[in-house]
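Here's the letter readout for the chains.
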Amino acid sequence: MCGRYVLFSSMEQIASTVAQHLSQGPSPQTVQTQELQPNFNVAPTHVVPIIRLFQGVPTVGPAQWGYPPRTVFNARGETLKDKPLFTGSLPCAFVMDGWYEWTGERGEKQPWFTHCADEQPLIVAGLCTVREGVLYATIVTCAAVPELEWLHHRMPRLLLGEGELDAWLQGEDWSVLATIDAEAVAHAGLTSRKASRQVGSVRNNSPALIGWE
């Protein structure tokens with residue numbers, strides 16, 4: 001998975017989506033220091049909303065995307081426990097309205113935007129850690145399902161099945177992130193469409209990047 005995604009959903013929509021994914025326990029709370037602005041070109045080092053357990057309650061709040069010092073923005077689900085960088089990390093989840101991936105050869109690369117056909121936000125597994133008073137988070141990836149291998153051999157580890165978000169936030173079994181249920185992905189109704197090549201520069205940030213006028 002490349003290091004770009006899209007988040008245009010409001011905080012209210014995010015909280016509603018998180019609540020729908022949670023099968024038990026208290027309703028999610030939100031902790032946001034500033035108004036969430038639509039971002040059509042989210043990149044590593046950006047401050048983004050994540051979901052984590054805070055005092056036992058699922059909480060949506062800000063974190064910086066990418067672990068220091070090399071801004072590691074994703075982590076392979078198969079090897080999480082083997083990497084010293086992630087020792088002591090806690091489970092979290094990202095919210096996104098879709099992600100970018102590129103196909104083609106260097107100089108001819110075409111970006112694609114993958115999202116739910118019904119425009120519902122996606123929940124993606126992540127890890128988070130606090131260092132020197134800053135909360136950092138990284139996205140967990142897994143091998144792509146066959147339908148998406150033409151885009152890339154990796155994809156975000158979507159949390160789709162009933163209870164998956166609950167189980168992951170509890171952190172009971174990290175090994176479940178090594179694979180993803182192809183049937184659940186198919187049921188989510190993912191679709192990919194060509195995006196503007198201007199997404200290659202983080203300075204560009206508008207709905208036109210995903211084909212919206």
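Every value quoted in this text rests on a predicted model; they were computed, and no experiment measured them.

A short note on the overall build of the protein chain
Helices and strands together make up the secondary structure of the protein chain, namely 3 helices and 13 strands. For the protein chain, the C-alpha radius of gyration of 16 Å lies close to 17 Å, the compact-globule estimate for 213 residues. When its C-alpha atoms are laid out on the principal axes, the protein chain stretches across 45 × 35 × 35 Å. Residues classed as buried in the protein chain amount to 46% of the 213 residues present. When contacts within the protein chain are restricted to residue pairs at least 6 apart in sequence, those whose partners lie at least 24 apart make up 72%. Approximately 10,600 Å² of the protein chain is accessible, and the part contributed by carbon and sulfur atoms is 49%.

Here we look at the nonpolar core
Ranked by size, the top nonpolar core spans 52 residues in total, and within it Y5, I50, L80, F94 and M155 carry the most contacts. With near-sequence residues (within four places) excluded, F94 lies in contact with Y5, V48, P49, I50, W65, L122, I123, V124, G126, A137, T138 and I139. With 10 residues, the next largest nonpolar core counts V6, Y100, F113 and A195 among its residues.

So, the packing of aromatic side chains
All chains considered together, the criterion is met by 9 aromatic pairs. Plain terms: the ring middles of Y5 and F94 are 6.4 Å apart, the flat faces sit at 85° to each other, and that makes the pair edge-to-face. With Y5 in strand β1 (residues 5-7) and F94 in strand β7 (residues 90-96), this pair connects stretches of sequence that are 89 residues apart. Ring geometry for Y100 versus W102: centroids 6.4 Å apart, planes at 50°, classification tilted.

Focus: the side chain of T17
Mapped onto the secondary structure, T17 falls in helix α1 (residues 11-21). Residue classification places T17 among the buried residues on the basis of a relative accessible area of 5%. Other than its neighbours up to four places away in sequence, T17 contacts P121 and I123.

Details of the environment of L122
Along the polypeptide, L122 turns up in strand β10 (residues 122-131). What makes L122 buried here is its relative accessible area of 3%. Sequence separation between L122 and G98 is 24 residues; the distance between their C-alpha atoms is 7.0 Å.

Side note on the pattern of salt bridges
In total, this model carries 2 salt bridges according to the counting rule given. E78 is the partner of R154 in a salt bridge, and the nearest nitrogen-oxygen pair spans 2.8 Å. One end of the pair, R154, is in strand β12 (residues 154-156); the other, E78, is in the loop between β6 (74-76) and β7, and 76 residues separate them in sequence. The buried category is assigned to R154, whose relative accessible area is 8%. Across the salt bridge formed by R157 and E164, the nearest N and O atoms sit 3.1 Å from each other.

The rules behind each value
Residues numbered from 1 in each chain as written. Predicted model: local features only at pLDDT ≥ 70, side-chain atom pairs only at ≥ 80, totals over all residues. Heavy atoms only, no water. Helix = DSSP H or I, 4+ residues; strand = E, 2+ residues; numbered from the N terminus. Rg over C-alpha atoms; globule rule 2.2 N^0.38 Å. Buried < 20%, exposed > 50% of the residue type's maximum accessible area, 1.4 Å probe, protein only. Contact = heavy atoms within 4.5 Å. Areas by Shrake-Rupley, 256 points an atom, 1.4 Å probe, with all protein chains shown as cover. Core = buried A, V, L, I, M, F, W, Y, C linked by side-chain atoms within 4.5 Å. Phe/Tyr/Trp six-rings, centres within 6.5 Å; stacked < 30°, edge-to-face > 60°. Salt bridge = Lys/Arg side-chain N within 4 Å of Asp/Glu carboxyl O.

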